[in-house]
Amino acid sequence: MAVSVSIVAIVTSLHLIAFVLAVGAERRRSTVKVVPDEYDESTYCVYDSDASTAYGLSAFGLLLISQTVVNGVTKCFCFGKGLMGRGSSTTWAVFFFIFSWVSFLGAEACLLAGSTRNAYHTKYRAAFGVQDLSCATLRKGVFAAGAALTFLSMVGSILYYWAHSKADTGGWEKHRNDGGLGMTSPSYPENHQQQRTNEFEKA
């Protein structure tokens, strides 16, 4: 399986868009302010736009699609002629396969958790009869961690696809060619000796 430029472009584009959305989700995290009720002396929490929820879920979906594309093309590291042997390409393919999955799962966890908590806080409205009210918001850095892991997932996925493709083609073809040379080389002296014998008999 040779490296496909279109696959690399699709995976890179999906990861980059997810990264941008995750950064946007971090910057647009919902904020809160304490507002007094106009009808009585109680106060309540008012949260602003839930744009971070939409950004986070969109990044979550794009990252999932990208991971599906990579593992669909490589058959999730289960098949391949070159992967049957042992070589540096196969070793790197295994390493980046694990690296891409770890970073992918971490990014998805951060994006999903951040989106869920942000949505909860945005829809939350409760009355309190205290003067010093502390309204909970999504902790800073959750979407930022998701963005960082998304970038690492992109690097891991591309390098995994490249190493897998190299192991699945170059390594196997090299092994086959080496085997072919080994099989044909012993027959050369035998054919040469037979030709010299024929010439001697003719003379």
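No experiment lies behind these values; they were computed from the predicted model shown. (Residues numbered from 1 in each chain as written. Predicted model: local features only at pLDDT ≥ 70, side-chain atom pairs only at ≥ 80, totals over all residues. Heavy atoms only, no water.)

Asks: Just to check I follow, could you spell out helix H1 (residues 5–27) for this structure?
Replies: The α-helix winds at 3.6 residues per turn, so residues separated by three or four positions along the chain end up facing the same way. The end-to-end C-alpha separation of H1 is 33 Å, in line with the 33 Å expected for 23 residues at 1.5 Å each. All of the buried residues in H1 are Ile7, Val11, Leu14, His15, Ala18, Leu21, Ala22, Gly24, Ala25 and Glu26. (Helix = DSSP H or I, 4+ residues; strand = E, 2+ residues; numbered from the N terminus. Expected span 1.5 Å × (residues − 1). Buried < 20%, exposed > 50% of the residue type's maximum accessible area, 1.4 Å probe, protein only.)

Asks: Before we go on, may I ask you to explain the nonpolar core in this structure?
Replies: Across soluble globular proteins, you tend to see nonpolar side chains buried next to one another. With 13 residues, the main nonpolar core has Ala59, Leu62, Leu63 and Leu111 as its most contacted residues. Contributing elements (two or more residues each) for this core: H1, helix H2 (51–73), helix H3 (88–123) and helix H4 (142–184). Leave out the neighbours within four places in its chain, and leucine 111 touches Ala22, Gly56, Ala59, Phe60, Leu63, Phe143, Gly146 and Thr150. Ile7, Val11, Phe97 and Tyr160 belong to the second largest nonpolar core, which has seven residues in total. (Core = buried A, V, L, I, M, F, W, Y, C linked by side-chain atoms within 4.5 Å. Contact = heavy atoms within 4.5 Å.)

Asks: What is the right way to read the UniProt feature "transmembrane region" (unreviewed entry) in the chain from this model?
Replies: Per the UniProt entry, the sites bearing "transmembrane region" (unreviewed entry) are residues 6–25, 91–114 and 142–163 in this numbering. This span, residues 142–163, is 100% helix and 0% strand, and a straight line between its end C-alpha atoms measures 31 Å. (UniProt positions renumbered as here; feature names shortened; annotations may be inferred.)

Asks: Would you take a moment to explain a nonpolar patch on the surface for this structure?
Replies: A surface patch of nonpolar side chains, amounting to about 800 Å² of accessible area, comprises Val3, Trp92, Phe95, Phe99, Phe151, Leu152, Val155, Leu159 and Trp162. Counting residues per element, the nonpolar patch draws most heavily on H4, at five residues. Counting through the fold element by element, valine 155 comes out in helix H4. (Patch = residues over 30% accessible without salt bridge, like charges linked within 9 Å, V, L, I, M, F, W, Y side chains within 5 Å. Areas by Shrake-Rupley, 256 points an atom, 1.4 Å probe, with all protein chains shown as cover. Salt bridge = Lys/Arg side-chain N within 4 Å of Asp/Glu carboxyl O.)

Asks: What's the story with the side chain of glutamine 67 in this structure? I'm lost.
Replies: Turning to its location among the elements, glutamine 67 is positioned in helix H2. Exposure remark for glutamine 67: the relative accessible area of 3% places this residue in the buried category. If sequence neighbours within four positions are ignored, glutamine 67 has contacts with Ser100, Trp101, Phe104, Ser153 and Ser157.

Asks: I'm lost on the packing of aromatic side chains in this one. Help?
Replies: The geometry of an aromatic ring pair is captured by two quantities: the separation of the ring centres and the angle between the planes. The tally for this structure, following the rule as stated, stands at seven aromatic pairs. Seen from their ring centres, tryptophan 92 and phenylalanine 95 are 5.9 Å apart, and the 85° between their planes marks the pair as edge-to-face. One end of the pair is tryptophan 92 and the other is phenylalanine 95, both in helix H3 and three residues apart, which spans about a single turn. Centre to centre, the rings of phenylalanine 95 and phenylalanine 96 are 5.2 Å apart; their planes meet at 75°, and the pair counts as edge-to-face. A relative accessible area of 46% places phenylalanine 95 in the partly exposed class. A residue is classified by how much of its surface remains accessible, and phenylalanine 96, at 14% relative accessible area, is buried. Of the aromatic side chains, those joined through ring pairs into one cluster are Trp92, Phe95, Phe96 and Phe99. (Phe/Tyr/Trp six-rings, centres within 6.5 Å; stacked < 30°, edge-to-face > 60°.)

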